Amino acid sequence: MTEKMKIEEIIVVEGKDDTRRLLEVVDADTIETIGSAINEDILAQIEHAQEMRGVIVFTDPDYSGEKIRKIIMEVVPDAKHAFLSRRLAEPQKRGSSLGVEHASDEAIIEALRKVVTPTFETDNYQEISRQILLDYGLIAGANAKERRERLGDELRIGYTNSKQLVKRLQMFRITETELKEAMAKVEESL
């Protein structure tokens, strides 16, 4: 048997199924938020984990997962983030919700290898204008949602609605050149 990838940081997941699935693939410790019912005790635990070993937020690519990610970012702004595309988190059974627990071993390993850390330094960062995002069809028009979803996968910044997009691009310091390159791939895939 091949040795599992060891993760130094503590991985923050939504529930027991996510923990079980991650431990099948990697050697890691987790903190479970118990879904979007994340409370002060769990946030304090995450804050402490960040101070001691660092944390990687690895929530489901859905509304609930994004909500949890936002709450954690308010308390631990320098936490690392792992993202799965909605496609890679789809359940085998119809009627089940998207989740980390449904991802393949390869998808989980890839997401953890490509962990990203947001930054809030704005010196020398040129914010991408809403006009550019409009020109790329990311804010309005046919397929805007699909374009944002594919862009989020391509840049590994997760899915965003049109309001969140500017902030997420800024948070992960995506340049206009990186956006242009990613959008070329998005356009190819449409």
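Residues numbered from 1 in each chain as written. Predicted model: local features only at pLDDT ≥ 70, side-chain atom pairs only at ≥ 80, totals over all residues. Heavy atoms only, no water.

Things to note about unusual backbone geometry
Although it is not a glycine, Arg156 sits at a positive phi angle of roughly 60 degrees. Inspection of the secondary structure assignment puts Arg156 in the loop between α6 (144-155) and α7 (162-171). Taking relative accessible area as the criterion, Arg156 reaches 32% and is therefore assigned partly exposed. (Helix = DSSP H or I, 4+ residues; strand = E, 2+ residues; numbered from the N terminus. Buried < 20%, exposed > 50% of the residue type's maximum accessible area, 1.4 Å probe, protein only.)

A few points about the pattern of salt bridges
Two side chains of opposite charge can pair, provided their charged atoms sit close to one another. What the rule picks out here adds up to 11 salt bridges. Notably, a salt bridge pairs Glu9 with Lys80, separated by 2.6 Å at the nearest N-O pair. Residue Glu9 is found in the loop between β1 (5-6) and β2 (10-13), and its partner Lys80 is found in strand β6 (residues 80-81); the two are separated by 71 residues along the sequence. Judged by relative accessible area, which is 14%, Glu9 ranks as buried. A relative accessible area of 28% means that Lys80 is categorised as partly exposed. By sharing partners, the salt bridges in this structure join Arg20, Arg21, Glu24 and Asp105 into a single network. (Salt bridge = Lys/Arg side-chain N within 4 Å of Asp/Glu carboxyl O.)

Some details on empty space enclosed by the protein
Unfilled space is identified by rolling a water-sized probe across the atoms. Inspection of every chain in the model, using the stated rule, returns 1 cavity of 30 Å³ or more. Taken as a whole, the largest cavity encloses approximately 40 Å³ of empty space. Lining of the largest cavity is provided by Thr59, Asp60, Pro61, Glu66, Arg69, Phe83, Leu84, Gly158 and Tyr159. Considering only residue class, the lining of the largest cavity consists of 4 nonpolar, 2 polar and 3 charged. (1 Å grid on protein atoms, 1.4 Å probe; cavity = no way out; pocket = protein on both sides within 12 Å on 5 of 7 lines; lining within 4 Å. Points joined across faces, edges and corners; volume = space filled by probe spheres on them. Nonpolar A, V, L, I, M, F, W, Y, C, P; charged D, E, K, R; others polar.)

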